[in-house]
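Examination of the molecular architecture
One letter stands for each residue in the lines below.
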Amino acid sequence: MKGRYIAVNFRERLHKPYPLVMDGAMGTMIFNSLPDYKGNLELLTIERPDVIASIHKLYIDAGADIIETNTFGGNALKLHEAGLDSRCEEINKAAAMLAKDVARGKAFVAGSVGPTGTLVEPMGITSAETVYNAFKRQISGLVAGGVDCIAIETMTDLQEARLALLAAKDITDIPVICSMTFEQNSKTVTGTDIVTALATLSQMGADVVGANCSMGPDGLVALFKGTIAQLNELGVPLSVWANAGLPELIDGKAVYSLSPKRFASLSLEFAQMGFTIIGGCCGTTPEHIRMLSTAVKHILINTKKTKTFHYITSRYTHINVVNHTGLLIIGERLNPTARKQLAAELKENTFTFLRNESKKQQDEGAHCLDINVGVPGIDEVAMMKKAVNVLSNTVTIPLMIDSDNPYVTQAALWQYPGIPIINSISAKKQSFETMLPLLKKFGSFVVAMCLDESGIHKEASKRIAIGETLIDLLQHHGIALSRIFIDPLILAESAESGAAPETLKVIEHFAKKGIKTSIGLSNISFGLPQRKFINNVFLKLALQRGLYAAIVNPGAIDTTTAKPYSTEELLALDFLEGRDKNASHYIAHFGTGQQQTQQKEKTISILDRIFELVVAGNTDDIEPAVKEALSQHTPETIMNDALITALEKVGQLYSNGEYFLPQMIASADTMKKGFNLLKPLMLQKKESVLGKIVICTVKGDIHDIGKNIVAMMLENHGFDVIDLGKDVPNEKVIEAIQQHKPDIVCLSSLLTTTMPNMGTIAHEIKNQKLPCKLMIGGAVVTKEYADSIGAFYGKDAVEAVAVAKGIVKKSQ
């Protein structure tokens, strides 16, 4: 009943079972009182407080439970048009204090926050930061004046509404109402439908969401009738304040003709639909509000609601993660790591590839697009802002923000007009502590990796334990389970044999608990030919175990699990399930696999046999062969004329595309087993080594497969390798150089965010005049970047060996 719970605070009152009645139009009443007024309406609060106070009093006497401050155009950008931006805080504080003084406990006071009147980028040229600051100044004044809540209203642009909401939440913890304006087509003028808009604002922290202005109550009733079930599922109170019908132009003035009685009769349906706040907008008067209050004051509404997080959104559409069926397809082709054209265009600040590929992936059936702008040498924060702006105007589907740099992620979240997925967070302390505040602030969904300080594990049980811990941590900090996608972290089966079945166990475990899982599919086939067959087979296996989402090439996947496997897929299945060691049969099928070791006559030399065993990756027979060779040859001869030459042959095959990662690893492992037999004997004879190398993965990067392969290849080729491991602090690298005095320091990085550590170490080596050369490599590292920091570049393990040999040869 009206005023019945006015003694409680506004947040508590929102959850009482009776509607709250909001006041009606302020502008209409001002011009009724001052028909010839030509000045700034907000300034009237200071110049004619008596007029504004009398309007507040009329609405309270009419039965309004909430009155709004006279600050609809009180943001700094709007006031700037009148030369009043320097008085922004003053005007808003005065308006709040005046309304509170009139209300005197009889009504709540809502601080009115309207649009800036500018177009926010990417639609316009006004920056998000400028708009945010304009709202922040206004809301600061309103809060200082003592308002009970903030009413962000009449918003036509979802991005502008988001920025106002962010400003409010950064300043105060009082409730915030967010209200959008919709056209007859049920969308804002910027193209956002009502469910997408209100879900976005609710999940970003709005306490009440709804619509105002737009049209008369009949039009808004029709708008809400088709969506009320979805909107009720948001779990927040709903609000509506309609115009007094549609305006007619009479004698040059806009006249609203809907009578108070008719207005109240039509608005009654809002109460019957369960709306918590109902009021009037343009053209409504105290009499409209009196009739409205009388009509709705006895209606009981359901206020026992719990906020939900079900919607991934863009400006134009949404994905309901609860109702979505089939695989959630996330397009992978907006990542410059494997796309030279995209990397080149980002460096040139052009976006043709970004536009074309985003459209293609959307047309191919992607539900969402992963965007990564990690290119060496660019301002990644600035570039991410531009990329998000481009994509927001190019495609309608939502985005996944792909960066482990919190500053890059934050930049994207500020620019993005919706609720994206953040890729990613982990249980590592730094990741968790930097990404968690962004999740809380922006209401985003998140990919949670089964990763902690102990690194990436092959065993399903360890990954599951980390995933469970991470989920518990996120929920403890208020992140709803519905917002979390668990990433089991696919390991390349070519490098980690047996990891695929373990990954499937992780997916199945979480799927059975109703927890969404997401994978980066292409990782499974790294280092192999014709990867689509392995990708599709693993995808089908994962779907059978309940996989929810996957980052994939949408034009190259097959999600039909019932279709029989092709010959190629059966070969892929054998590999993934461990029946085809090193993918030998799979690769041979495509004509580029390793050659089978030919049966030789017994007269073949033992050195040739060792050579062939290494090329074939035969770890089983290498040790007996080396032992046999030691009865005929010196360790140095076996090393140089068999093991090293074999590994060089493997390098050639790899460079020519005839060998892939599994073969190279198998050969390196074979060579290492043979070398381990020779090493003690060579040391006894004090045989010289080619040179000393310190190698590691730089600070912040836990990816070390590539580094391990390089280290093994260097050691097998005769270098003394000191492996510092992964995620190594810069100062530890310098200490190791000072201690071990290596000829070469090798640094690896897979992430653009950690790559700058290479430059820091290079600078320190030069600054301290340390007598060593620097070589760098990794997926994101380029020769251009290496040149820029004065380092040598090794694009892969084979090239790294060749470069290292060249370095030591020149220094001799």
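Everything in this summary refers to the structure shown in the same document. (Residues numbered from 1 in each chain as written. Predicted model: local features only at pLDDT ≥ 70, side-chain atom pairs only at ≥ 80, totals over all residues. Heavy atoms only, no water.)

**Some remarks on the overall build of the chain**
Definition in use: To qualify as a helix, a DSSP run of H or I must reach at least 4 residues; to qualify as a strand, a run of E must reach at least 2; elements of each kind are numbered from the N terminus. Categorising residues by exposure relies on relative accessible area from a 1.4 Å probe, with only protein chains included: less than 20% of the type maximum marks a residue as buried, more than 50% marks it as exposed, and the intermediate range marks it as partly exposed. Any two residues whose heavy atoms approach within 4.5 Å at even a single point are treated as in contact. Computed with a 1.4 Å probe, the accessible areas rest on the Shrake-Rupley method; for each residue, only the protein chains presented here act as cover. For the charge count, each Lys or Arg is scored as positive and each Asp or Glu as negative, with His and the chain ends excluded. A charge is said to be at NZ when it belongs to Lys, at CZ for Arg, at CG for Asp and at CD for Glu.
The helix and strand tally for the chain stands at 32 helices and 25 strands. Across the 812 residues in the chain, those meeting the buried criterion constitute 58%. Taking the intrachain contacts of the chain between residues at least 6 apart in sequence as the baseline, contacts between residues at least 24 apart amount to 76%. For the chain, the accessible surface area stands at approximately 32,500 Å², while carbon and sulfur atoms represent 51% of it. Distance between charge centres in the chain, computed from 81 positive and 86 negative side chains, equals 3 Å.

**Some details on the sheet that holds strand 23 (residues 744-748)**
Defined as follows: DSSP bridges decide pairing: two strands pair if at least two such bridges lie between them.
A sheet is described by the order of its strands in space; here 5 strands give the open sequence 22-21-23-24-25, paired in parallel fashion. Two strands close off the open sheet at either side, each with one partner strand: strand 22 (719-728) and strand 25 (792-793). In this structure, strand 21 (residues 691-698) lies alongside strand 23, joined through 5 bridges in parallel fashion. Counted as the bridge partner of Cys696 is Leu747 from strand 23.

**Considerations on the nonpolar core**
Keep this limit in mind: We define the nonpolar core as a collection of buried residues of types Ala, Val, Leu, Ile, Met, Phe, Trp, Tyr and Cys that are connected through side-chain atoms lying within 4.5 Å of one another.
Phe224, Leu474 and Phe485 are the most contacted members of the largest nonpolar core, which totals 125 residues. The biggest single contributor to this core is helix 8 (residues 158-171), with 8 residues. If you look at the next biggest cluster of nonpolar residues, it comprises 57 residues, including Leu327, Met383, Leu399 and Leu576.

**Brief notes about helix 4 (residues 49-62)**
The cut-off we apply is this: Here the expected length of a helix is defined as 1.5 Å per residue gap, with one fewer gap than residues.
With 14 residues, helix 4 extends 20 Å between its outermost C-alpha atoms, agreeing within 8% with the 20 Å of an ideal straight helix rising 1.5 Å per residue. All of the buried residues in helix 4 are Val51, Ile52, Ala53, Ile55, His56, Tyr59, Ile60 and Ala62. Those residues of helix 4 hidden inside the fold are in contact with helix 2 (27-33), helix 3 (44-47), strand 2 (66-68), helix 6 (88-103) and helix 13 (286-296). Remark: Gly63 follows helix 4 within two positions and exhibits a positive phi of approximately 115°.

**So, the packing of aromatic side chains**
Note the cut-off: Classification of ring pairs rests on two measures: the distance between centres of Phe, Tyr or Trp rings, Trp counted by its six-membered ring, which must be within 6.5 Å, and the angle between planes, read as stacked under 30 degrees, edge-to-face over 60 and tilted in between. Over a ring means this: the NZ of a Lys or the CZ of an Arg is within 6 Å of the ring centre and within 35 degrees of the ring normal.
Under the defined criterion, the tally for this structure stands at 10 aromatic pairs. Taking 6.4 Å as the distance between ring centres and 90° as the angle between the ring planes, the aromatic pair formed by Phe224 and Phe270 counts as edge-to-face. Of this pair, Phe224 sits in helix 10 (residues 217-225) while Phe270 sits in helix 12 (residues 260-272), and the two are 46 residues apart along the sequence. Just as Phe224 is buried, Phe270 falls in that class too. Ring geometry for Tyr586 against Phe590: centres 5.0 Å apart, planes inclined by 65°, an arrangement best described as edge-to-face. Since its relative accessible area comes to 0%, Tyr586 is described here as buried. By the ring-pair criterion, three or more aromatic residues cluster together here, those being Tyr132, Trp414 and Phe442. When the ring centre of Phe309 is taken as reference, the NZ or CZ atom of Arg483 above it lies at 4.8 Å. In this structure, Lys516 is placed above the aromatic ring of Phe485, and the distance from its NZ or CZ to the ring centre is 5.3 Å.

**Observations regarding the pattern of salt bridges**
Defined as follows: By salt bridge we mean one thing: a side-chain nitrogen of Lys or Arg within 4 Å of a carboxyl oxygen of Asp or Glu.
Summed over all chains, the structure comprises 34 salt bridges. In this structure, Asp558 engages Lys540 in a salt bridge whose closest nitrogen and oxygen atoms are separated by 3.5 Å. Residue Asp558 is found in the loop between strand 20 (549-552) and helix 22 (567-576), and its partner Lys540 is found in helix 21 (residues 531-544); the two are separated by 18 residues along the sequence. A residue is classified by how much of its surface remains accessible, and Asp558, at 14% relative accessible area, is buried. By relative accessible area, which is 0% here, Lys540 ends up buried. Through salt bridges with shared partners, one network takes in Arg333, Glu357, Lys360 and Glu364.

**Describing the pairing of strand 3 (residues 108-113)**
Summarising burial for strand 3: 6 of the 6 residues are buried, a large majority. Judged by which residues are buried, strand 3 turns out to be covered on both faces: Phe108, Ala110 and Ser112 on one side and Val109, Gly111 and Val113 on the other are all buried. Bridge count between strand 2 and strand 3: 3 bridges; the pairing is parallel. Across the sheet, the residue bridging to Ile67 is Val109, located in strand 3.

**Concerning the pairing of strand 21**
Of all 8 residues in strand 21, 7 are buried, a share of seventy percent or more. Bridge count for strand 21 against strand 22 is 7 bridges, and the pairing is parallel. Residue pairing in the sheet places Gly691 in a bridge with Phe719 of strand 22.

These figures capture arrangement, not role.
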